[in-house]
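Remarks on the overall topology
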Amino acid sequence: MAQPLKLGVLISGSGSNLQSIIDNIEKGALKASIKIVICNNPHSFGITRAQKHGLPVVVLKQEDFKTRADFDGELIRILRSKEIDLVVLAGFMRILTPDFLKAFPLKIINIHPALLPSFPGIHGQKDAFEYGVKFSGCTVHFVDEGVDTGPIIIQSVVPVFQDDTKETLALRILKEEHRIYPQAIQYFAEGKITIAGRKVLIKDTEETPLIALHNPSLAGF
Ligand code: GRF
């Protein structure tokens, strides 16, 4: 049997995406193993989640490093020492240096709470909400040198309702994050993902049915 994919998960916050990865591994849906959780925020609830499941956690504080390069150098060292196959950014609030990207070419993925390329950056849900879009969603993508610009692996679309607040919308999006992130990692584990330019192709998957969605719905048109 193939070895489970070795993951390094980088977090900064509540760690709910980390939790969904842990849960999917534990129920056998995701054939991967988390070798290390690295956190740059000592107050992150994700640390508690990881420890509860017996996962090794390293907390790295930016202020303990002179430069970003030093910080990323330490990240690289730890991830290499664990022979990580895939670096999973799960709410990791830092831009990585080009050296970090070079150390793990096409082996770093991220989840973003908006339909990229719209609304990149740290306030994806709020920016989409305030813009007044009728649909938003989330995106799993490879990480490149830009901010949320790498090739897209999976997206999930959710409607924005008229009585939504940015909080209710963020929650609806988060539920979908917890579905598409483990799925994207599983595709990677199965070796199904190839990249052609900006386009990610996934072998042997069913594409979504050819339908158009409207929000609000059309009245007879
Ligand atoms: C998620 O909304 C993710 O899309 C964004 O940061 C948030 C992290 O949430 N990159 P959590 O820490 O996984 O709960």
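Treat the numbers as computed from the prediction; the structure is a model and nothing was measured. (Residues numbered from 1 in each chain as written. Predicted model: local features only at pLDDT ≥ 70, side-chain atom pairs only at ≥ 80, totals over all residues. Heavy atoms only, no water.)

**Digging into the pattern of salt bridges**
Scanning the entire structure with this criterion turns up eight salt bridges. The shortest N-O distance in the salt bridge between R172 and D164 comes to 2.6 Å. Here E176 makes a salt bridge to R179, at a shortest N to O gap of 3.0 Å. Within this pair, E176 and its partner R179 are both found in helix α6 (residues 166-189), separated by three residues, close to a single helical turn. With relative accessibility at 56%, the residue R179 sits in the exposed group. (Salt bridge = Lys/Arg side-chain N within 4 Å of Asp/Glu carboxyl O. Helix = DSSP H or I, 4+ residues; strand = E, 2+ residues; numbered from the N terminus. Buried < 20%, exposed > 50% of the residue type's maximum accessible area, 1.4 Å probe, protein only.)

**A short note on helix α2 (residues 45-52)**
Among the residues of α2, those classed as buried are G46, I47, R49 and A50. For α2, the buried positions fall inside an angular range of 160 degrees around the axis, keeping them on one side. Every exposed residue of α2 that faces more than 90 degrees away from the buried side is listed here: Q51 and K52. Residues of α2 that are buried sit in contact with β1 (5-11), α1 (16-26), β2 (32-39) and β3 (57-59). Of the residues flanking the start of α2, the one acting as N-cap is S44, its side-chain oxygen 3.0 Å from the backbone nitrogen of G46. G54 sits one or two positions beyond α2 and adopts a positive phi of about 70 degrees. (Arc of directions from axis to C-beta. Contact = heavy atoms within 4.5 Å. Polar contact = N/O pair within 3.5 Å; in protein donor to acceptor, adjacent residues only side chain to side chain.)

**A closer look at the site of the ligand**
Close contacts around the ligand come from G13, S14, G15, S16, N17, G91, I111, H112, P113, Q125 and E177, and that covers them all. Interatomic distance of 2.7 Å between a backbone N/O atom of G15 and an oxygen atom of the ligand. When the ligand sits alone it has 370 Å² of accessible area, and the protein chains cover 84% of it. Elements supplying a minimum of two residues to the shell around the ligand: α1 and β5 (108-112). Among the residues forming the shell around the ligand, the class breakdown is two nonpolar, eight polar and one charged. Two domains share the shell around the ligand, each providing at least three of its residues, namely domain 1 (1-105) and domain 2 (110-221). (Near = heavy atom within 4 Å. Areas by Shrake-Rupley, 256 points an atom, 1.4 Å probe, with all protein chains shown as cover. Nonpolar A, V, L, I, M, F, W, Y, C, P; charged D, E, K, R; others polar. Domains from an automatic or database assignment.)

**Structural notes on the packing of aromatic side chains**
For the coordinates displayed, the defined rule picks out three aromatic pairs. For the pair F100 and F104, a centre-to-centre distance of 5.3 Å together with 50 degrees between the ring planes defines the contact as tilted. A relative accessible area of 0% means that F100 is categorised as buried. Ring geometry for F119 versus Y131: centroids 5.6 Å apart, planes at 65 degrees, classification edge-to-face. One end of the pair, F119, is in the loop between β5 and α5 (124-131); the other, Y131, is in helix α5, and 12 residues separate them in sequence. Taking the relative accessible area as the measure of exposure, F119 reaches 19% and is therefore buried. The exposure class assigned to Y131 is exposed, which follows from its relative accessible area of 65%. Taking the ring centre of F71 as reference, the NZ or CZ of R94 above it sits at 4.2 Å. (Phe/Tyr/Trp six-rings, centres within 6.5 Å; stacked < 30°, edge-to-face > 60°. Lys NZ or Arg CZ within 6 Å of the ring centre and 35° of its normal.)

These figures come from the coordinates and say nothing about function on their own.
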